[in-house]
Amino acid sequence: MTTLEKLFSLQGKVAIVTGGAQGIGKCVAACMAEVGADIVIFDLQKEKAEAAAKEIGEKTGKKTMALTVDVTKPDQIAAAIAKAGEEMGTLDLLFNNAGIAVHKSAHDVTPEEWLKVINVNLNGIYFMAVEFARYLVKNHRKGAICNTASMSGHIVNRPQEQASYNASKAGVIQLTKSLAVEYVKDGIRVNCISPGYIYTELTGTMRKDWQEKWMDITPYGRYGQPEELAGAVIYLLSDSASFTSGTDLIVDGCYTAV
Ligand SMILES: NC(=O)c1ccc[n+]([C@@H]2O[C@H](COP(=O)([O-])OP(=O)(O)OC[C@H]3O[C@@H](n4cnc5c(N)ncnc54)[C@H](O)[C@@H]3O)[C@@H](O)[C@H]2O)c1
């Protein structure tokens, strides 16, 4: 192995990827397996999660499994982490990525919709991170977490109105810093990524006029591909980031630079 390969290798590590049934989670999970990680997918969509795990295992030869988990349910999460730890032998890394969006104005969004977005995007990230850290501490292991925030945690998107999403993602960035500092003593690093517009089921099915506007105001003039996030996630989860915790890595085609 070259120095570069060693720096970014996830060989010998087991990683949980939430929201790994499709989109960014599935693509990044496959890239993590290619650099050596065994993969456990946690997602609400049972069949798609199982198919993704099978596909990644066949393509990379790594051990994979999928569990149906709702990241808003701490009891479900704790049971799934225990099961994954038992079946995979250990757990080391978490790509904490599941998320949803509701595009409604602050005026029109219902209390139920507001609470759901905050529950999945902020509480879900918190519940997963803390249960995962509990597992590591209990098993005397060090580890790393990468949360998926968003450029929406830094700026207000246009033209769609989505205060619930933006607020939830800003919360993820501050939660990441808070957990990073708390877990220094346990040898657990916590970072996040803030993607710009990435082409997935979440964005590719949106109104065409919105998509045109997004490309127009993104200096790169195009969507990012999920693969273009993999390097950032692998870096933050790998030993090459051993002195990096509490950081947010923005990957947005210069959206937030202007
Ligand atoms: N696509 C983008 O442009 C973009 C930009 C910035 C941030 N993000 C964030 O990246 C993450 C992934 O986005 P994506 O575009 O791949 O979305 P996606 O909708 O394609 O995938 C999200 C996955 O999360 C799962 N999920 C949703 N709620 C869940 C729950 N309660 N428990 C478990 N799993 C659940 C879904 O089943 C799905 O498989 C999200 O956090 C999103 O907010 C996306």
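Residues numbered from 1 in each chain as written. Predicted model: local features only at pLDDT ≥ 70, side-chain atom pairs only at ≥ 80, totals over all residues.

Colleague: Can you break down the overall build of the chain residue by residue, with the values?
Modeller: The secondary structure content of the chain amounts to 9 helices and 7 strands. By the compact-globule yardstick of 18 Å for 258 residues, the chain fits well, its C-alpha radius of gyration being 17 Å. Taking the principal axes of its C-alpha atoms as reference, the chain extends roughly 45 × 40 × 35 Å. Here the chain holds 258 residues, and 44% of them are scored as buried. Nonlocal contacts in the chain, meaning residues at least 24 apart in sequence, comprise 74% of its contacts between residues at least 6 apart. (Helix = DSSP H or I, 4+ residues; strand = E, 2+ residues; numbered from the N terminus. Rg over C-alpha atoms; globule rule 2.2 N^0.38 Å. Buried ≥ 20, exposed ≤ 12 C-beta atoms within 10 Å, placed from the backbone. Contact = placed C-beta atoms within 7 Å.)

Colleague: Lay out the nonpolar core in plain terms, naming residues and giving numbers.
Modeller: Core analysis: the largest hydrophobic core is formed by 66 residues, its most contacted members being Ala15, Ile39, Ile41 and Leu237. When residues in this core are grouped by element, the largest group, 10 residues, is from helix H5 (residues 111-138). Apart from residues lying up to four places away in sequence, Ala15 is in contact with Leu10, Met32, Ala37, Ile39, Asp92, Leu93, Leu94, Phe95 and Leu237. (Core = buried A, V, L, I, M, F, W, Y, C linked by C-beta atoms within 7 Å.)

Colleague: Requested: an account of the site of the ligand, with residues and values cited.
Modeller: Neighbouring the ligand are 29 residues; Gly19, Gly23, Gly99, Thr200 and Leu202 lie closest to it. Where the shell around the ligand is concerned, the elements lending two or more residues are helix H2 (23-34), H5 and helix H7 (201-204). When grouped by side-chain class, the residues that make up the shell around the ligand number 12 nonpolar, 14 polar and 3 charged. (Near = placed C-beta within 6 Å. Nonpolar A, V, L, I, M, F, W, Y, C, P; charged D, E, K, R; others polar.)

Colleague: Just give me the short version of the sheet that holds strand S3 (residues 64-68), but keep the residues and values in it.
Modeller: Taken in spatial order, the 7 strands make up an open sheet running S3-S2-S1-S4-S5-S6-S7, and their pairing is parallel. At either margin of the open sheet sits one strand with a lone partner, and together these are S3 and strand S7 (248-251). Shown here is a sheet whose adjacent strand axes are inclined to one another by a mean of 15 degrees, direction ignored. Pairing geometry for strand S6 (residues 188-195) and S7, over 4 bridges, is parallel. In the sheet register, Cys192 faces S7, and the bridge partner there is Asp248. The strands that helix H4 (residues 74-88) touches are strand S1 (14-18), strand S2 (38-43) and S3; relative to S3, the one it contacts most, it runs at about 160 degrees. (Pairing = 2+ DSSP bridges. Axes fitted to C-alpha atoms, helices over the stretch in contact; angles between N-to-C directions.)

Colleague: Tell me about the packing of H2 against helix H9 (residues 227-237), residues and numbers included.
Modeller: Interhelical geometry of H2 versus H9 gives an angle of 60 degrees and a closest axis separation of 9 Å. By the angle class used here, H2 and H9 are oblique. Crossing hand, H2 versus H9: right-handed. For the pair H2 and H9, contact is made by Ile24, Cys27, Val28, Cys31 and Met32 and by Glu227, Leu229, Ala230, Val233 and Ile234, respectively. Per-class residue counts for the contact of H2 with H9 are 9 nonpolar, no polar and 1 charged. (Parallel < 35°, antiparallel > 145°, perpendicular 65-115°, else oblique. Left-handed = near helix turned anticlockwise from the far one by under 90°.)

Colleague: Describe unusual backbone geometry, with residues and values.
Modeller: The residue after Arg158, namely Pro159, is reached through a cis peptide bond having omega 5 degrees. Residue placement: Pro159 occurs in the loop between strand S5 (143-148) and helix H6 (163-182). In this structure, His140 takes a positive phi of about 55 degrees despite not being glycine. Examined against the element boundaries, His140 turns out to sit in the loop between H5 and S5. Judged by the 8 C-beta atoms lying within 10 Å of it, His140 is exposed. Phi at Cys254 takes a positive value of approximately 75 degrees, unusual for a residue other than glycine. Turning to its location among the elements, Cys254 is positioned in the segment after S7.

Geometric descriptors of this kind do not, in isolation, establish any biological role.
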